[in-house]
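# Descriptive analysis of the structure
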Amino acid sequence: MNGFSDNLKTWFCMIILILIFSLSGCKSDGNTGVTNNPSQNTAISFPMTISDDLGRNITLDMAPARIVSLAPSNTEILFFLGLGDKVVGNTTYCDYPEAAKNCTKVGGFADPSLEKVVALRPDLVLATDIHQPLLKSLEDAGYNVLVLDPKTVEGILSNIQLVGKACGVENRAIELNQGLTNRIKAINEKVANIENNQRPTVYYELWDQPLMSIGRDSLIGQVIHMAGGTSITDDIIEDYPQLSAEIIIARNPAVMINSYGHGSSKEVTPGEIAERRGWSQLAFVRTNRIYTIDADLLSLSGPRIVDGLEKMAQCLYPELFK
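Here's a quick rundown of the structure. What you see is a predicted model; the values in this text were computed from it and never measured. Along each chain, residue indices are assigned from 1 in the same order as the chain's sequence is written. Per-residue local features are limited, in this predicted model, to residues with pLDDT of at least 70; the limit for side-chain atom pairs, both in listing and counting, is 80 or more; totals at the level of whole chains, interfaces and linings are taken over all residues. Side-chain numbers come from the whole structure's heavy atoms, not from hydrogens or water.

Whenever a carboxyl oxygen of Asp or Glu lies within 4 Å of a side-chain nitrogen of Lys or Arg, that contact is scored as a salt bridge. Scanning all chains against the criterion turns up 11 salt bridges. Notably, a salt bridge pairs Arg-216 with Asp-217, separated by 3.9 Å at the nearest N-O pair. Salt-bridge contacts for Arg-251 lead to Asp-235; the nearest nitrogen and oxygen are separated by 3.0 Å. Residue Arg-251 is found in helix α8 (residues 245-251), and its partner Asp-235 is found in the loop between β11 (230-231) and α8; the two are separated by 16 residues along the sequence. Exposure categories follow from relative accessible area, calculated using a 1.4 Å probe and restricted to protein chains: below 20% of the type maximum is buried, above 50% is exposed, and the middle band is partly exposed. When its relative accessible area of 48% is taken as the criterion, Asp-235 is described as partly exposed. Each helix is a run of H or I in the DSSP string that is no shorter than four residues. Each strand is a run of E no shorter than two, and both are numbered from the N terminus.

Now the structure itself:
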């Protein structure tokens, strides 16, 4: 993989694992896509005990005022719920919305610093399953850690409501989820009656050196299915399999979607793809159906997954989704 090896390793940490101390919160620019009115939130009783995606029970004595997020997806959920001013720290990969860049950085997604997290004195830490090595240390130090590890779009919506409940803004979460659900339903209604043999076959390229795609149980695989497509790797159990060019040529997909890693400047043009050895006769090359979707819209388990679903539907059915 030569010159791409460092970026590839960093990004795989984000995807497969598929993401100056300060005591002040982020400076919010309000650009979260959600209008929040605290008066609309039903009073929530504290203390409360909730369960996270690892089945752990966490008891919160009060709504957290100081939150540290250890993943970009968690950060996005917090900001979309209007909680950006309570986020006192996040990772170097947390760059959306723009205000998230202003937070104190506690390290990378895969290697956050325990010392930096503790220095921020959080009431709540939002983690993922990759952060399990930190769990015991944080809990032993008396910190509340909520682990989010959704495997499906439905799981993402459940996490949004869980975070809303934990932070005392459950009504905001319900409102946000209703909007996301309506957008999902709008897509489903347009593709529901399309026969399986009429659905475009899709090759999703996760990386090109080596060629990597997605398995049937991956989040991106689910998005392709929800958008009305059929992934050519639906028969592969592995989440992120390496493929040979021969397999792709033999399966001859009608559409190619590509997106590379979080923060990557890597681009591969349709012309470069068409020039790959033996690819000139592939259906998606001959019909020029090669599309790029921002990786963050498909790989991060936050509210923007619905943006990624809409982009996918537009690529697969441009005549239905203008």
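Attention now goes to helix α5 (residues 153-166). For a helix, the expected span equals 1.5 Å multiplied by the residue count minus one. In this model α5 runs 20 Å from its N-terminal to its C-terminal C-alpha over 14 residues, within 8% of the 20 Å that 1.5 Å per residue would give. In terms of burial, α5 is a largely internal element, 10 of the 14 residues being buried. Along α5, the residues classified as buried are Val-153, Gly-155, Ile-156, Leu-157, Asn-159, Ile-160, Leu-162, Val-163, Gly-164 and Ala-166. Directly after α5, the chain includes Gly-168, whose backbone phi takes a positive value near 80°.

The subject of this paragraph is the state of the cysteines. Cysteine sulfur atoms that come within 2.5 Å of each other are treated as a disulfide pair. Applying the stated criterion to the full structure yields 0 disulfides. Cysteine Cys-94 shares no disulfide, and the gap to the nearest cysteine sulfur, in Cys-103, comes to 7.9 Å.

A few words now on the sheet that holds strand β8 (residues 201-205). Whether parallel or antiparallel, the strands of a sheet pair through hydrogen bonds between backbone atoms. Only when DSSP finds a minimum of two bridges between them are two strands counted as paired. Across the sheet, which stays open at both edges, the 4 strands sit in the order β11-β8-β12-β13 with parallel pairing between neighbours. Strands with a single pairing partner mark the edges of an open sheet, and in this sheet they are β11 and β13 (290-292). As paired strands, strand β12 (residues 255-258) and β13 are joined by 3 bridges and run parallel to one another. Within β13, the residue paired with Met-256 across the bridge is Ile-290.

Another aspect to go through is helix α6 (residues 170-191). Given 3.6 residues per helical turn, the α-helix brings residues three or four places apart onto the same face. Between its first and last C-alpha atoms α6 spans 32 Å; for 22 residues at 1.5 Å apiece the expected length is 32 Å, and the two agree. Those residues of α6 that fall on the buried side of the exposure criterion are Arg-172, Ala-173, Leu-176, Asn-177, Leu-180, Ile-184, Ile-187 and Val-191. Buried residues in α6, looked at end-on, bunch into an arc of 120°, giving them a common side. Two residues qualify as a contact provided that any one of their heavy atoms is within 4.5 Å of a heavy atom in the partner residue. Structurally, α6 contributes buried residues whose contacts are with α2 (72-80), α5, α7 (219-226) and α12 (305-316). Our arc is simply the arc of the directions from the helix axis toward the C-beta atoms.

Along the polypeptide, Gly-82 turns up in the loop between α2 and β4 (87-90). In this structure Gly-82 comes out as partly exposed when scored by relative accessible area, which is 25%. For the pair formed by Gly-82 and Arg-172, sequence separation is 90 residues and the distance between their alpha carbons is 8.2 Å.

This next bit is on the sheet that holds strand β7 (residues 145-147). In space, the 5 strands of this open sheet follow the order β5-β4-β3-β6-β7, with parallel pairing throughout. A strand with exactly one partner marks an edge of an open sheet, and here the two such strands are β5 (104-105) and β7. Pairing of strand β6 (residues 124-127) with β7, which is carried by 3 bridges, proceeds in the parallel orientation. Looking across to β7, one finds that Val-125 is bridged to Val-145. Contacts from α2 reach β3 (67-69), β4 and β6 within the one sheet, and its direction differs from that of β3 by about 140°. The convention used is that axes are lines fitted to C-alpha atoms, helices contributing only their stretch in contact, and that angles between N-to-C directions extend from 0 to 180 degrees.

Residues belong to one nonpolar core when they are buried, are Ala, Val, Leu, Ile, Met, Phe, Trp, Tyr or Cys, and are joined through side-chain atoms within 4.5 Å. The biggest cluster of nonpolar side chains holds 76 residues, and the ones touching the most others in it are Leu-146, Ile-160, Tyr-203, Phe-284 and Met-312. Every residue in contact with Phe-284, bar those within four places of it in the chain, is listed here: Tyr-203, Pro-253, Ala-254, Val-255, Met-256, Ile-273, Trp-279, Arg-289 and Ile-290. In terms of nonpolar packing, the next biggest core, distinct from the first, is built from 14 residues, Val-117, Leu-120, Val-125 and Leu-138 among them.

As a further point, take the pairing of strand β1 (residues 48-51). Residue alternation in β1 divides its side chains into a buried set, Met-48 and Ile-50, and an unburied set, Thr-49 and Ser-51. Of the strand pairs in this sheet, β1 and strand β2 (residues 57-60) are connected by 4 bridges, and their pairing is antiparallel. Bridge assignment links Thr-49 to a residue of β2, and that residue is Thr-59.

Contact geometry for α7 and α12: axes closest at 9 Å, N-to-C directions at 50°. As summarised for this structure, α7 and α12 are arranged oblique, according to the angle between their axes. Handedness of the α7/α12 crossing: right-handed. Contacts between α7 and α12 involve Leu-219, Val-223, Ile-224 and Met-226 from the former and Ile-305, Gly-308, Leu-309, Met-312 and Leu-316 from the latter. Classification convention: Asp, Glu, Lys, Arg as charged; Ala, Val, Leu, Ile, Met, Phe, Trp, Tyr, Cys, Pro as nonpolar; all other residues, Gly among them, as polar. Residues that form the contact of α7 with α12 fall into these classes: 8 nonpolar, 1 polar and no charged. If an angle is under 35 degrees, it is roughly parallel; if it is over 145, roughly antiparallel; if it lies from 65 to 115, roughly perpendicular; otherwise it is oblique. For any helix crossing, the convention is left-handed if the near helix is rotated counterclockwise from the far helix by under a right angle, and right-handed if that rotation is clockwise.

This part takes up the packing of α6 against α12. At a minimum axis separation of 10 Å, α6 and α12 run at an interaxial angle of 15°. Judged by the inter-axis angle, α6 sits roughly parallel to α12. For the pair α6 and α12, the crossing hand works out as left-handed. Residue-level contacts link Leu-180, Arg-183, Ile-184 and Ile-187 of α6 to Val-306, Asp-307, Leu-309, Glu-310 and Ala-313 of α12. When its residues are assigned to classes, the contact of α6 with α12 shows 6 nonpolar, no polar and 3 charged.

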